[in-house]
Amino acid sequence: MPMVCLSDFEDYAKQYLPKTTWDFFAAGADECCTREDNILAYKRIRFRPRMLRDMSVIDTKTTLLGTEISFPVGIAPTGFHQLAWPDGEKSTARAAAAMNTCYITSTYSTCAVEEIAAAAPRGFRWFQLYIHRNRALTAQLVQRVEALGFQGLVLTADLPYTGKRRADIHNNFQVPPHMKVKNFEGNFEENICTEYGLPPNFIDPSINWNDIYWLKSLTRLPIIVKGILTREDADLAARHGVQGIIVSNHGGRQLDGGPATIDALVEVVDMVQDKMEVYLDGGIRTGSDVLKALALGAKCVFIGRPVLWGLTYKGEEGLREVLQILHDELRLSMALAGCSPPVIIRGHSRNTALEMALKSARKPETTNKKPQVTERSRGQSLMHSLLAERYVNERNA
């Protein structure tokens, strides 16, 4: 039976992976409310498609910090890819390079960064970083990835401590003994390591905004902060001179009860405007989900669990299929929504039709008093009145 959509890969992975591995990949924090809402939030959003727009040419290309990719879907950082496929992150890197998109390599890779770079020497890669208590070890890792040609540094900001993932606790999840976090191989005694193959309390919980300046002292790579969900933190990111934000709640694996990322996107985009690029991960399952995120302001989205499902199916080939399905679904959604060619979607471009949608959601004025529109109601109006009109040709910008 052909694999038609991402849920087909999910079903395959659930059937063929060991239960403890499936539960580890699927796990959310606590009651998994945020994990589920990441997906459900997209179903609350509706398009207002436009017709007779000449869709004979559709262009899905975009750029991330000046580097062109074939379509605005990248690979989010997830660890332990060898749990899904023997070649692990090497297969991931090759699939990303074949599809000409960005792969954010996880600190917790089961292949060393040198192996990943060698597997796809022309690939476009960023590196996801946790700052560890041993700052010298962190500094060495940053310098390693810069020397290997990684083009960006993604600082994960939402993990001072690991969230409570009940399934892993029930299963007593342990990384198999033959599997290592290869970027730190030889740095620790194995008998003191936790279920994730690293010492307990390895990540530094004291990290703060001043650590952005410390990272800048180590590297010339652009810094992207992953885990932003509020306008206040988006403003702080801009003030500290980072080059990008990934709106993320760690796939619902950290704080349960936080917002779905697509719901948080609007206030982040409205705050930063043109100061930096804004990306998103969490809950992307279809090409129309991608289009919704782009229309609400994301420059690109990143997928996590679907990558692991694709690897489980057929390694590099399976992941390429996952990415190709999203590419084709995005292209079709753009055509049916009436996105004029050649189009690169830039959600921070405000237009009159969008403002009219906001006004239509407000109560009629009965007095001379100007109606109050809160950030919350404004965001809800956007969620329910999404327009496929928020598109401009970046080449003419």
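Definitions and limits used
Residues numbered from 1 in each chain as written. Predicted model: local features only at pLDDT ≥ 70, side-chain atom pairs only at ≥ 80, totals over all residues. Heavy atoms only, no water. Core = buried A, V, L, I, M, F, W, Y, C linked by side-chain atoms within 4.5 Å. Buried < 20%, exposed > 50% of the residue type's maximum accessible area, 1.4 Å probe, protein only. Helix = DSSP H or I, 4+ residues; strand = E, 2+ residues; numbered from the N terminus. Contact = heavy atoms within 4.5 Å. Lys, Arg positive; Asp, Glu negative; His and termini not counted. Salt bridge = Lys/Arg side-chain N within 4 Å of Asp/Glu carboxyl O. Polar contact = N/O pair within 3.5 Å; in protein donor to acceptor, adjacent residues only side chain to side chain. Axes fitted to C-alpha atoms, helices over the stretch in contact; angles between N-to-C directions. Parallel < 35°, antiparallel > 145°, perpendicular 65-115°, else oblique. Left-handed = near helix turned anticlockwise from the far one by under 90°. Nonpolar A, V, L, I, M, F, W, Y, C, P; charged D, E, K, R; others polar.

> Give a description of the nonpolar core that names residues and reports values.
Taken as a class, soluble globular proteins show a tendency for nonpolar side chains to be buried jointly. L215, I245, I262, L265 and L280 are the most contacted members of the largest nonpolar core, which totals 98 residues. By residue number, the principal contributor to this core is helix α12 (residues 305–337), which donates 13 residues. Leave out the neighbours within four places in its chain, and I245 touches I224, V225, I228, A234, A237, V268, V272, M276, E277, V278 and Y279. Grouped together as the second largest cluster of nonpolar side chains are 13 residues, I104, I224, C300 and F302 included.

> Could you give me a rundown of the side chain of D8, with the residues and numbers involved?
You can see D8 is positioned in helix α1 (residues 6–16). Despite being buried, D8 has no salt bridge partner; R285 is the closest side chain of opposite charge, sitting 12 Å away. Among the polar contacts made by the side chain of D8, one reaches the main-chain amide nitrogen of V4 at a distance of 2.8 Å. In this structure D8 touches P2 and M3, once residues within four positions along its chain are discounted.

> Explain the packing of helix α4 (residues 89–98) against α12 to me, using residue names and the numbers behind them.
Between α4 and α12, the shortest axis-to-axis distance is 8 Å and the interhelical angle comes to 20°. Relative to α12, α4 is oriented roughly parallel. Read as a crossing pair, α4 and α12 show a hand that is left-handed. In this structure, α4 uses S91, T92, R94, A95 and A98 to contact α12, whose residues at the interface are V307, L311, G315, E316, L319, R320 and L323. Looking at the contact of α4 with α12 residue by residue, the class counts come to six nonpolar, three polar and three charged.

> Report on helix α2 (residues 19–26), specifying residues and quantitative values.
Every α-helix carries 3.6 residues per turn, so stepping three or four residues along brings you back to the same face. Across the eight residues of α2, six count as buried, placing the element largely inside the fold. Looking only at α2, the buried set comprises T21, W22, D23, F24, F25 and A26. Looking at the buried side of α2, the elements it contacts are α1, α3 (33–43), α7 (166–171) and α12.

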